[in-house]
Each structure stands twice: as C-alpha cells, then as structure tokens.
Amino acid sequence: MIYNCILIVLTLIPQFHASLEGVCDKDVKGCELKTRYILYDVNPPEGFNLRRDVYLRYGIFVHKLVQNNDINVKLVLPPWSRMFHWKRSEEPEHLPWGLFFDIDSMQKFAPVIELYTFFNELKPTYGDVIIDEVYILQHYQDMFTSGNFEDKMSIEDCNEQISTNFFHYDNITSHNIKCLSFHGFTSQLSSLVHKSEAQTILFDHAEVPLHDRFGDRTYWECRRSMRFNKELIFIANEFRRQFLNSMDEKDGTILPDDWRNEKLRRNALGGPYLSVHLRRRDFVWGRPKHVPNIKNAANQIQEKLHHLQLDNVFIATDASNKEYEELKEHLSNFNVFKYNPNKEVKKKYKDGGVAIIEQIICSYARYFMGTYESTFSFRIQEEREILGFPESTTFNRLCGNEEPNCEKTSMWRIEY
Ligand SMILES: Nc1nc2c(ncn2[C@@H]2O[C@H](COP(=O)(O)OP(=O)(O)OP(=O)(O)O)[C@@H](O)[C@H]2O)c(=O)[nH]1
Ligand SMILES: *[C@@H]1O[C@H](CO)[C@@H](O)[C@H](O)[C@H]1NC(C)=O
C-alpha cells in the first residue's frame with residue numbers, strides 16, 4: 001500500500017522525489033514516505049489539565065493518520081511554558097512532556113516527539129525553523145447569530161492579532177500563516193494534511209476542534225497511554241506508604257507495566273483514606289453556587305469519613321495556607337494530610353509535577369470527592385476508572401453551601 005502510493009507520487013510529482021528518504025524494503029531505495037511533522041499549540045490561558053485533554057484530540061488524530069497507513073507523520077508535543085496558574089519565571093521555561101509523562105508509554109499509542117527532538121531531527125541548515133504551513137484556528141464569529149451549526153472550515157480574516165513566533169521561541173516562525181475558522185471535529189483537519197505536501201504543519205488554538213468521539217474505546221486507549229513520569233509515581237507511592245498505609249498489593253491497585261494489557265475491572269479497593277480535591281482561588285468567586293466555603297467543606301468531609309469509617313483524609317488543593325489551616329481545625333478529630341514537596345522535588349518538577357503527585361495520591365484512595373467542573377478533578381476520576389474502582393467511589397463532589405446532597409458528577413465510564 002505504501003509502496004504503490006509512493007510510485008504514484010514519484011511519477012506525478014517529480015519535485016517531491018528529492019525529499020524522499022530511507023527504504024521500506026532493503027533492496028528498494030526511496031520507497032518510504034518522508035516524515036511529516038504536525039505541531040500544535042493551545043490558547044495561552046488554558047490550564048494544564050485542559051491541555052491534557054487537547055492532547056487526546058491530536059494523539060487520536062495522528063494515531064488515525066498513521067493507521068490509515070499512507071502517511072508517515074509525527075506529532076510534536078508543545079512544551080509547557082508560561083502556564084497561567086503556575087508561578088512565573090522571567091523566561092519562558094519550555095518544560096518537556098517527559099518531565100510529567102512517560103513518553104515511551106505515549107508512543108505506544110501515537111508517534112509523538114518532544115519539540116527538542118523535532119529540532120534535532122529537522123536540523124535546519126539556516127538558523128530558524130520555518131514552519132511550512134500554520135493554521136490559527138478560530139471560532140466562526142457569526143455561528144451563534146446565524147444559528148448555522150454545520151461542520152465547516154474556511155480561511156478567513158483573523159479574529160485576533162496574531163504572532164509570527166511560536167512556542168515562545170524567536171527561532172520558530174513561518175511565512176505562511178492563515179486563520180482558519182472552524183466548527184467541527186478534529187478529524188476534519190486531515191483533509192488539510194492530505195491536500196498539502198508540507199513537511200511541517202502547525203495548528204494553533206488547537207482547542208477549537210472537538211473530540212471526534214468523546215469517551216469511546218480509542219479515546220480511552222489514548223488516555224491510558226498517558227501514564228505519568230515514573231519518578232512522580234514513585235514519589236506518590238512513597239507518600240501513600242509512609243503516611244496513608246496504602247500499598248498496591250493490599251489495595252488491589254496493581255496495573256500491568258504496559259497499558260495495552262489493562263482490562264476492565266471494578267474491584268479496586270484503594271488505600272484506607274478519603275481523598276478530596278478542594279479547588280479554591282478562581283473557583284471560589286467563579287462558581288460561588290457550587291463551591292462550598294471551608295467550614296461547609298469540612299462538614300461534608302467529616303460526614304463522609306464517618307460514613308466510610310475512616311480516620312485519614314488526603315487533601316489536594318490550591319488553597320492558601322490560611323484556608324488549609326482552617327480546614328484542619330474543623331477536622332481536628334481526624335488525620336488530615338497534604339503533600340509538601342521537599343526542595344529538590346519542587347525545583348525539578350515545579351508546580352506542575354507537585355500537582356500531579358497530589359492527583360496520583362487522590363487516585364489511589366478508597367473514595368474520592370472532587371470540585372464541581374474542575375478539569376483537575378476530572379483527570380483524577382479518569383485515573384480511577386483506569387485503576388478499576390467502582391464508579392460510586394469516584395464520581396463524587398463537594399456540594400455548594402446552598403445545595404446539600406447535590407447531584408453526583410457525570411459518570412464518564414471507561415470503555416475497552
Ligand atoms: N498542587 C495543586 N495544584 C492545584 C490543585 N488544584 C489546582 N491546582 C493548580 O491550579 C491549576 C489549575 O487547574 P487545572 O485543572 O490545571 O486548570 P484548568 O485546566 O483551567 O482546570 P480547572 O481550572 O481546574 O478546571 C493546576 O494546573 C495546578 O497548577 C491542587 O489540588 N493541588
Ligand atoms: C531555538 O532556540 C532555542 C533557545 O535559544 C534553542 O534551544 C533551540 O535549539 C533553537 N532551535 C533551533 C532549531 O535552532
């Protein structure tokens with residue numbers, strides 16, 4: 001299939017010939033498709049956990065391009081820079097994905113590479129990396145007034161002022177930047193890739209296209225491949241063992257080394273503690289009806305601990321120390337834990353890694369309560385689906401002050 005396709009390409013487009021390299025059969029020269037690179041980036045204010053969801057859309061996108069077998073493509077992962085919620089340094093940091101995730105594991109689902117690997121592979125002969133085609137995605141401006149919700153895309157004037165540098169690097173630029181008004185699913189972008197001969201294509205504002213099929217088997221395969229960096233898991237496991245009496249053998253939370261060997265199960269027990277994601281800061285004023293005050297949160301936690309007959313609660317939170325101390329005071333009859341990173345962990349893994357360690361500890365608890373509509377909480381719920389917990393221990397949240405016994409959160413069940 002690849003071979004046929006190349007023969008056609010070679011005869012029809014002679015100028016393409018020069019850039020073809022490698023072999024597909026040891027004896028036949030020049031029959032492997034050249035590597036093409038798809039890059040993407042996300043609207044700067046979007047948080048870490050929403051960005052993880054945007055990755056799923058593009059991981060699945062290239063997974064399908066490769067599966068269809070007529071294109072040799074790699075997906076370049078956008079480094080983590082200038083994250084809105086993280087403490088800022090003067091310089092953008094360009095943290096690689098490998099700091100937080102297990103790249104080998106991700107590569108078992110989709111051909112992903114770090115931006116620095118892309119630099120090495122591309123080896124520009126001149127100083128700058130010039131991206132062949134850049135599409136800045138944007139919503140149709142008239143979508144809501146016209147009531148026209150068909151799936152569509154078209155090159156239009158840019159809604160916003162655009163930058164000609166990408167990923168906060170001066171040396172990545174393009175001479176071919178277009179704004180693409182878009183409504184629909186990520187897979188629709190494949191027509192652009194197929195129509196083009198560009199070696200490098202960048203989709204900016206990649207959060208605009210939607211999941212093709214949110215929550216189907218492929219979605220979960222991609223999600224399962226996103227295992228965390230092993231050292232972060234190790235640190236979380238040490239904390240569980242030392243403070244929470246929690247170990248995989250005893251808790252029924254052993255996962256196979258390779259995510260491809262995971263199977264559906266619902267019998268994970270979890271460590272003998274309640275875990276809570278207590279999202280504060282912008283959520284307190286942004287969602288006042290659904291986010292409780294500290295005293296109310298403490299009451300709900302206490303009630304749940306009684307109900308579960310547990311003494312230990314682990315709190316993941318972005319609350320101030322003052323708020324956390326207040327919470328602890330209200331829960332003085334229980335053991336309240338929070339993860340405090342040492343200097344080395346903090347320096348190496350930054351705010352992002354520390355948050356992940358807290359997410360992992362939450363994932364392994366006997367019972368989890370999240371915060372209304374927080375993507376940070378959603379990612380913990382997914383992790384628990386993968387670990388094989390009964391749904392009833394996972395899709396729970398803290399209720400607002402005026403909504404006692406609020407509804408459970410939507411159940412996004414894992415599919416195999
Ligand atoms: N350490 C720690 N950090 C947190 C916690 N909750 C939120 N944060 C921080 O706040 C950021 C914002 O939360 P994210 O979920 O990533 O951002 P988002 O995608 O906008 O999602 P939400 O705002 O939660 O819907 C996180 O990336 C963390 O840096 C927490 O429980 N512990
Ligand atoms: C672009 O600049 C960064 C930072 O100065 C550097 O690390 C990277 O190697 C450069 N890339 C290329 C392809 O020159």
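In this text, all values refer to a predicted model and were calculated from it rather than measured experimentally.

Caption draft 1: Region of the structure containing the overall build of the protein. The secondary structure content of the protein amounts to 15 helices and 16 strands. Across the 416 residues of the protein, 51% fall into the buried class. Only carbon and sulfur atoms are counted for the fraction: they give 50% of the accessible area of the protein, which is about 20700 Å².

Caption draft 2: Fine view of the state of the cysteines. Summed over all chains, the structure comprises 2 disulfides. Covalently, C158 is tied to C179 through a disulfide, its sulfur atoms 2.1 Å apart. Given an S-S torsion of about 100 degrees, the disulfide between C158 and C179 has right-handed geometry. A residue pair is termed long-range when its members are at least 10 positions apart, and C158 in the loop between strand 8 (152-156) and strand 9 (165-166) and C179 in strand 11 (residues 177-183) qualify at 21 residues. Between the sulfur atoms of C399 and its disulfide mate C406 the distance is 2.0 Å. Of note, the bridge from C399 to C406 carries an S-S torsion of about -75 degrees and is left-handed in sense. For the pair formed by C399 and C406, the shared burial category is buried.

Caption draft 3: Region of the structure containing the site of ligand 2. Around ligand 2 sit F119, P124, G127, V129, Y169 and N171, and that is every residue in its neighbourhood. Within the side chain of N171, one N or O atom sits 2.3 Å away from an oxygen atom of ligand 2. Partitioning the shell around ligand 2 into residue classes produces 4 nonpolar, 2 polar and no charged.

Caption draft 4: Representation of the environment of S275 in the model. You can see S275 is positioned in strand 13 (residues 271-278). Judged by its relative accessible area of 0%, S275 falls in the buried class. The spatial distance from the C-alpha of S275 to the C-alpha of A365 is 5.7 Å, given a sequence separation of 90 residues. With near-sequence residues (within four places) excluded, S275 lies in contact with F314, C362, A365, Y367, F368 and M369.

Caption draft 5: Inspection of the side chain of R227 at higher detail. Mapping R227 onto the fold places it in the loop between helix 8 (217-225) and helix 9 (230-244). Within the structure, R227 has its side chain in polar contact with the backbone oxygen of P256 (distance 2.9 Å). A polar contact of 2.9 Å, which involves the side chain of R227, links it to the backbone oxygen of D257. Setting aside chain neighbours within four positions, we find R227 in contact with F101, D102, S105, L255, P256, D257, D258, W259 and E262.

Caption draft 6: Structural context of the sheet that holds strand 9. Within the open sheet, the 3 strands sit side by side as 6-10-9. Their pairing is mixed. Each of the sheet's edge strands pairs with one partner strand only, and the pair in question is strand 6 (129-131) and strand 9. On the sheet, helix 5 (residues 115-122) packs against strand 6 and strand 10 (169-174) and is oriented at approximately 65 degrees with respect to strand 10.

Caption draft 7: Focus on the packing of aromatic side chains. A complete count under the given rule lists 23 aromatic pairs for this structure. Their ring planes at 10 degrees and their centres at 5.0 Å tell us that Y40 and Y58 sit as a pair that is stacked. Here Y58 lies in helix 3 (residues 48-67) and Y40 lies in strand 3 (residues 36-40), a separation of 18 residues in the sequence. For the pair shown, Y40 and Y58 are each scored as buried. On the numbers, 4.9 Å between centres and 55 degrees between planes, the contact of F214 with Y219 is tilted. In this structure Y219 comes out as buried when scored by relative accessible area, which is 1%. Three or more aromatic residues link up through ring pairs in this structure, and these residues are F48, Y55, W80, W97, F100, F101 and F228. Taking NZ or CZ as reference, R240 lies 4.0 Å from the ring centre of Y364, over its face.

Caption draft 8: Spatial organisation of the site of ligand 1. Neighbouring ligand 1 are 18 residues; N49, R279, T317, E358 and T375 lie closest to it. Separating an oxygen atom of ligand 1 from a side-chain N or O atom of N49 is a distance of 2.9 Å. R279 places a side-chain nitrogen or oxygen 2.8 Å from an oxygen atom of ligand 1. When the free accessible area of ligand 1 is taken as 600 Å², the share hidden by the protein chains comes to 89%. Those elements giving two or more residues to the shell around ligand 1 turn out to be helix 3, strand 14 (312-317), helix 14 (343-363) and helix 15 (375-387). Looking at which element gives the most residues to the shell around ligand 1, the answer is helix 3, with 3 residues. Grouping the amino acids of the shell around ligand 1 by side-chain chemistry returns 7 nonpolar, 7 polar and 4 charged. Looking at which domains feed residues into the shell around ligand 1, each of domain 1 (16-217) and domain 2 (229-393) supplies at least three.

Caption draft 9: Seen up close, the environment of Y140. Mapped onto the elements of the fold, Y140 is located in the loop between strand 7 (133-138) and helix 6 (143-146). The exposure class of Y140 is buried, given its relative accessible area of 7%. Separated by 19 residues in the primary sequence, Y140 and N159 have C-alpha atoms spaced 9.0 Å apart. Residue contacts for Y140: discarding those within four places in its chain leaves K152, M153, S154, E156, S181, F182 and H183.

Parameters at a glance
- Residues numbered from 1 in each chain as written.
- Chains lettered and ligands numbered in written order.
- Predicted model: local features only at pLDDT ≥ 70, side-chain atom pairs only at ≥ 80, totals over all residues.
- Heavy atoms only, no water.
- Helix = DSSP H or I, 4+ residues; strand = E, 2+ residues; numbered from the N terminus.
- Buried < 20%, exposed > 50% of the residue type's maximum accessible area, 1.4 Å probe, protein only.
- Areas by Shrake-Rupley, 256 points an atom, 1.4 Å probe, with all protein chains shown as cover.
- Disulfide = S-S within 2.5 Å.
- Near = heavy atom within 4 Å.
- Polar contact = N/O pair within 3.5 Å; in protein donor to acceptor, adjacent residues only side chain to side chain.
- Nonpolar A, V, L, I, M, F, W, Y, C, P; charged D, E, K, R; others polar.
- Contact = heavy atoms within 4.5 Å.
- Pairing = 2+ DSSP bridges.
- Axes fitted to C-alpha atoms, helices over the stretch in contact; angles between N-to-C directions.
- Phe/Tyr/Trp six-rings, centres within 6.5 Å; stacked < 30°, edge-to-face > 60°.
- Lys NZ or Arg CZ within 6 Å of the ring centre and 35° of its normal.
- Domains from an automatic or database assignment.

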